[in-house]
Amino acid sequence: MAAIEYMAQEIDSQPDAWRQAAEIAAADVPLPAPGERVAVVGCGTSWFMAQSYAALRERAGHGVTDAFAASEAFAAGQAFVGRGYDTVLAITRSGTTTELLRLMGLLKGRTRTVAVVGDQHTPITEVCDTVVGLPFADEKSVVQTRFATSALLLLRRHLGEDVDGAVRDVADALRQPIDPAWVKAEQFTFLGHGWTYGLANEAALKMREASQSWTEAYPLLEYRHGPIAIAAPGRVTWVLGPESGELAADVGRTGALFVHHDRDALAELALVQRVALERARSRGLDPDRPRALTRSVILNA
């Protein structure tokens, strides 16, 4: 199998993976209950999914929810432990990332810990009280696609959302033609608001990882406060989630290409994944094995 096929196949499998994740969430899974004070942690892509979940959980009225990069939470040490969280939820595809394992070890016996994980036969199971496995969403590519989106879909369904529309939208996003201008663009800026800001961060990361592209991400309404200065012909400003229409005119005056589709923002992320893949192909890169990256960061000390 050609290396590039892993990422392609994993992107295309998302509708089925999302349906399976929704079925798990509809059962009695040990995820944070309404009213709990929760921290959500992860590394890289998983951290950005944590950001989105934290915003969604608070919006749904389920209680205080904070998102942290696992490395920063561990570095805070007792200050993090002393925040008084009822549950710390870890999102991790591999279950082997050193910073996350260190943090969960620090919390063991002090705070309830839950992990949403792709590979259930990994060290994360030894340091977390409970594990929710998504083995059908695990991946061979270094670049995360379906695990991250399936994990967030699981969490959205657990919050009580009707995710059927998202599943329909992702199937549509996987059929949409890729605009050649997206493949050739010099630069991308991704924007999101509320829960979709985490998705904007992830969209930018996908482009960097898979295709070594120049990408940035900002909260939607912050874009006018400086970042719009880099918008220009041959560059793209892409909004994930709702947009009033006012920003399109501002971007249009810069000559940059404004992209926004009326579909679920998580499904829109799947389209961005496809664009990252096509940009990698156009540059002769292997997105499954990005430069300087591995499936999991495992530190020696």
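The structure we're discussing is the one just above.
The notes below deal with the structure included here.

About the cut-offs
- Residues numbered from 1 in each chain as written.
- Predicted model: local features only at pLDDT ≥ 70, side-chain atom pairs only at ≥ 80, totals over all residues.
- Heavy atoms only, no water.
- Buried < 20%, exposed > 50% of the residue type's maximum accessible area, 1.4 Å probe, protein only.
- Helix = DSSP H or I, 4+ residues; strand = E, 2+ residues; numbered from the N terminus.
- Right-handed = clockwise from strand over helix to strand, strands pointing away.
- Pairing = 2+ DSSP bridges.
- Axes fitted to C-alpha atoms, helices over the stretch in contact; angles between N-to-C directions.
- Contact = heavy atoms within 4.5 Å.
- Parallel < 35°, antiparallel > 145°, perpendicular 65-115°, else oblique.
- Left-handed = near helix turned anticlockwise from the far one by under 90°.
- Polar contact = N/O pair within 3.5 Å; in protein donor to acceptor, adjacent residues only side chain to side chain.
- Salt bridge = Lys/Arg side-chain N within 4 Å of Asp/Glu carboxyl O.

### So, the pairing of strand β8 (residues 235-239)
Among the five residues of β8, five are classified as buried, and the element is accordingly described as predominantly covered. Burial along β8 is two-sided: R235, T237 and V239 facing one way and V236 and W238 facing the other are all buried. Considered for its hand, the β-α-β crossover made up of β8, helix α12 (residues 246-254) and strand β9 (residues 257-260) is right-handed.

### What to know about the sheet that holds β8
Read across the sheet, four strands follow the order β7-β6-β8-β9 without closing on themselves; strand pairing throughout is parallel. On the outer flanks of this sheet lie β7 (214-219) and β9, each paired with one strand and no other. Neighbour-to-neighbour, the strand axes of this sheet turn through a mean angle of 20°, independent of strand direction. Here five bridges tie strand β6 (residues 187-192) to β8, and the two strands are oriented parallel to one another. Residue pairing in the sheet places F188 in a bridge with V236 of β8. Docked against the sheet, α12 engages β6, β8 and β9, running at close to 155° with respect to β9. Seen against the sheet, helix α13 (residues 265-282) touches β6 and β8 and runs at an angle of roughly 155° to β8.

### Quick notes on the packing of helix α9 (residues 164-175) against α13
Contact geometry of α9 with α13 gives a least axis separation of 8 Å together with a crossing angle of 20°. Taken together, α9 and α13 sit at an angle that is classed as roughly parallel. As α9 runs across α13, the sense of the crossing is right-handed. Judged by residue contacts, A166, D169, V170, A173, L174 and R175 of α9 engage A267, A270, L271 and R274 from α13.

### Focus: the environment of R274
Along the chain, R274 falls in helix α13. Separated by 97 residues in sequence, R274 and P177 place their C-alpha atoms 9.9 Å apart. Ignoring any residue separated from it by four or fewer positions in sequence, one finds R274 in contact with I11, A173, L174, R175, Q176 and I178. Of the polar contacts made by the side chain of R274, one reaches the backbone oxygen of Q176; its length is 2.7 Å.

### A short note on the pattern of salt bridges
All told, the structure shown has 15 salt bridges when counted by the stated rule. Note that R235 and E186 form a salt bridge whose closest N and O atoms lie 2.9 Å from each other. With R235 in strand β8 and E186 in the loop between α10 (180-184) and β6, this pair connects stretches of sequence that are 49 residues apart. For R235, a relative accessible area of 17% translates into the label buried. Taking the shortest distance from any N to any O, the salt bridge between R281 and E278 comes out at 2.7 Å. Placement of the pair is R281 and E278 together in helix α13, with a separation of three residues, close to one helical turn.

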